[in-house]
Amino acid sequence: MTVELSTRIILTRLVAADPEAIAAAARCLAAGGLVAFPTETVYGLGADAHNGQAVARLYEAKGRPGFNPLIAHVPDAAAARGLAHFEEAAARLAEAFWPGPLTLVLPKLPGCQVSELATAGLKSIALRVPDHPVARDLLLAFGRAIVAPSANRSGHVSPTTAAHVLADLRGRIDLIIDGGATPVGIESTIVACLGEPTLLRPGGISRSEIERVLGAKVADAASQPGEGEAPLAPGQLASHYAPRTHMRLDATQVIAGEALLGFGPKLPPGADNAAVILNLSHSGSLIEAAANLFSHLRRLDAAGASTIAVVPLPHHGLGEAINDRLQRAAAPR
Ligand code: TXA
Ligand code: MG
């Protein structure tokens, strides 16, 4: 009797970011391969946006439930304009924040050749111009759009280092370009411009920065889609960024033996009895906290405590995105 493996084990190469690695990565993508690469937000798992088979492999490698639509990454706004329609609000946001941690969901142009599988058959497409030299060089070398979800197994926290990617996807993808830790550390902000500009996911650019450029409040997507309902942005599934360890948010004191995720110079009472403590930012910087969030969650998850206690974090600026990811990480599964 033969046993069929659903997923072929492949050799995953890890290479330092240099011109040779970029050229090899572009060849790999052109051949339908899967390449993980750094962006300023988190590591992405890239495939040729025009190659439906490569996109199918990408879903399989991530173990994604269903075919959630992917973000197409392009080197500049001109390339984005070849794929989607920009109304005035979209043009203003692109002008203000690209390259950078903003994804725009826009009406697909009729001639858009991005695989229907990558856009999950929607009439819209998510586009982003990343602000990271490795991502930009790869996009320029490849010469076409690259679809890239975060380079983690579905349901795991997003990777901010090449080591995180390797831990999740070794044997499932072809190549990882190591460009060091990602500076922003939290995924891009997603704004749909399909009518009234709507915030689909808080992220690396704060709501107030978006509203300043729009000169108006941004609408909120119905944040919790009902059971069985297709979410507008599946990043909004309640449980999505999930450590295995139980999480307790807004902890104002620590129970002996808990792992503690702190923020700011003062730790809560009982911190002395924590099994392990990591601080998102001793100085209380939300920028530093975002950059540390996912790697600290991974380290605390690996510490083997029964619970990760998380101190309350401010909600302003990047605090909105950080609290959003913490709530998803803590959601019951
Ligand atoms: O920072 C980031 O955005 C990273 C880096 C790698 O660029 N990427 C990332 O991709 O976070 P992913 O796949 O983990 O999250 C993309 C989100 C998903 O929630 C997806 O549903 C949503 O974008 N999305 C994509 N296309 C969409 C569309 N047409 N309409 C609504 N949501 C869409
Ligand atoms: Mg993701």
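Cut-offs and rules
Residues numbered from 1 in each chain as written. Chains lettered and ligands numbered in written order. Predicted model: local features only at pLDDT ≥ 70, side-chain atom pairs only at ≥ 80, totals over all residues. Heavy atoms only, no water. Pairing = 2+ DSSP bridges. Helix = DSSP H or I, 4+ residues; strand = E, 2+ residues; numbered from the N terminus. Axes fitted to C-alpha atoms, helices over the stretch in contact; angles between N-to-C directions. Parallel < 35°, antiparallel > 145°, perpendicular 65-115°, else oblique. Left-handed = near helix turned anticlockwise from the far one by under 90°. Contact = heavy atoms within 4.5 Å. Nonpolar A, V, L, I, M, F, W, Y, C, P; charged D, E, K, R; others polar. Buried < 20%, exposed > 50% of the residue type's maximum accessible area, 1.4 Å probe, protein only. Domains from an automatic or database assignment. Buried area = accessible area lost by both parts, 1.4 Å probe. Salt bridge = Lys/Arg side-chain N within 4 Å of Asp/Glu carboxyl O. Polar contact = N/O pair within 3.5 Å; in protein donor to acceptor, adjacent residues only side chain to side chain.

**Thoughts on the pairing of strand 8 (residues 175–178)**
- Both strand 1 (residues 13–16) and strand 8 contribute to a ladder of 4 bridges, which runs parallel. Across the sheet, the residue bridging to leucine 14 is isoleucine 176, located in strand 8.
- Note that strand 2 (residues 35–38) and strand 8 share 2 bridges and pair parallel. If you follow alanine 36 over to strand 8, its bridge partner there is isoleucine 176.

**Let's talk about the packing of helix 8 (residues 286–302) against helix 9 (residues 319–330)**
- In contact at an axis separation of 9 Å, helix 8 and helix 9 are set at 20 degrees when each is read in the N-to-C sense. It follows that helix 8 is roughly parallel to helix 9 by the angle criterion. Between helix 8 and helix 9 the crossing geometry is left-handed. Contacts between helix 8 and helix 9 involve Leu286, Ala289, Ala290, Leu293, Phe294 and Leu297 on the former and, on the latter, Gly319, Ile322, Arg325, Leu326 and Ala329.
- By residue class, the composition of the contact of helix 8 with helix 9 is 9 nonpolar, 1 polar and 1 charged.

**Let's talk about the sheet that holds strand 7 (residues 146–147)**
- Strand order in the open sheet formed by 11 strands is 1-8-2-3-7-4-6-5-9-10-11, with mixed pairing between adjacent strands. Bordering the open sheet on either side are strand 1 and strand 11 (219–220), each of which pairs with just one other strand.
- As paired elements, strand 9 (residues 189–192) and strand 10 (residues 198–201) share 3 bridges and run antiparallel to each other. Among the inter-strand pairings, isoleucine 190 is bridged to a residue of strand 10, identified as arginine 201.
- Where helix 4 (residues 88–97) meets the sheet, its contacts fall on strand 5 (102–107) and strand 9, and the angle it forms with strand 5 comes to roughly 155 degrees.
- Helix 5 (residues 133–142) rests against strand 2, strand 3 (43–48), strand 4 (71–73), strand 7 and strand 8 of the sheet, and its axis sits at about 135 degrees to strand 2.

**Points about the side chain of glutamate 258**
- Along the polypeptide, glutamate 258 turns up in the loop between strand 12 (246–248) and strand 13 (259–262).
- A residue is classified by how much of its surface remains accessible, and glutamate 258, at 5% relative accessible area, is buried.
- Ignoring anything within four residues of it in the chain, the contact list for glutamate 258 reads Arg248, Gln253, Ala274, Ala275, Val276, Ala305, Thr307 and Ala309.

**With respect to the domain arrangement of the protein**
- As far as domains go, the protein holds domain 1 (13–220) and domain 2 (246–329).
- In this structure, domain 1 and domain 2 have C-alpha centres spaced 28 Å apart.
- Every contact between the two is made by 22 residues of domain 1 and, on the other side, 14 residues of domain 2.
- Here domain 1 and domain 2 share an interface that buries about 1,400 Å² over both sides, 58% of which is from carbon and sulfur atoms.
- Looking only at domain 1, the three residues that lose the most surface to domain 2 are Val157, Ile186 and Pro202, adding up to 40% of its buried area.
- Applying the counting rule to domain 1 against domain 2 returns 3 salt bridges.
- In this structure, arginine 325 engages glutamate 187 in a salt bridge whose closest nitrogen and oxygen atoms are separated by 2.8 Å.
- For the interface between domain 1 and domain 2, the tally reads 5 residue pairs in polar contact (both at pLDDT 80 or more).

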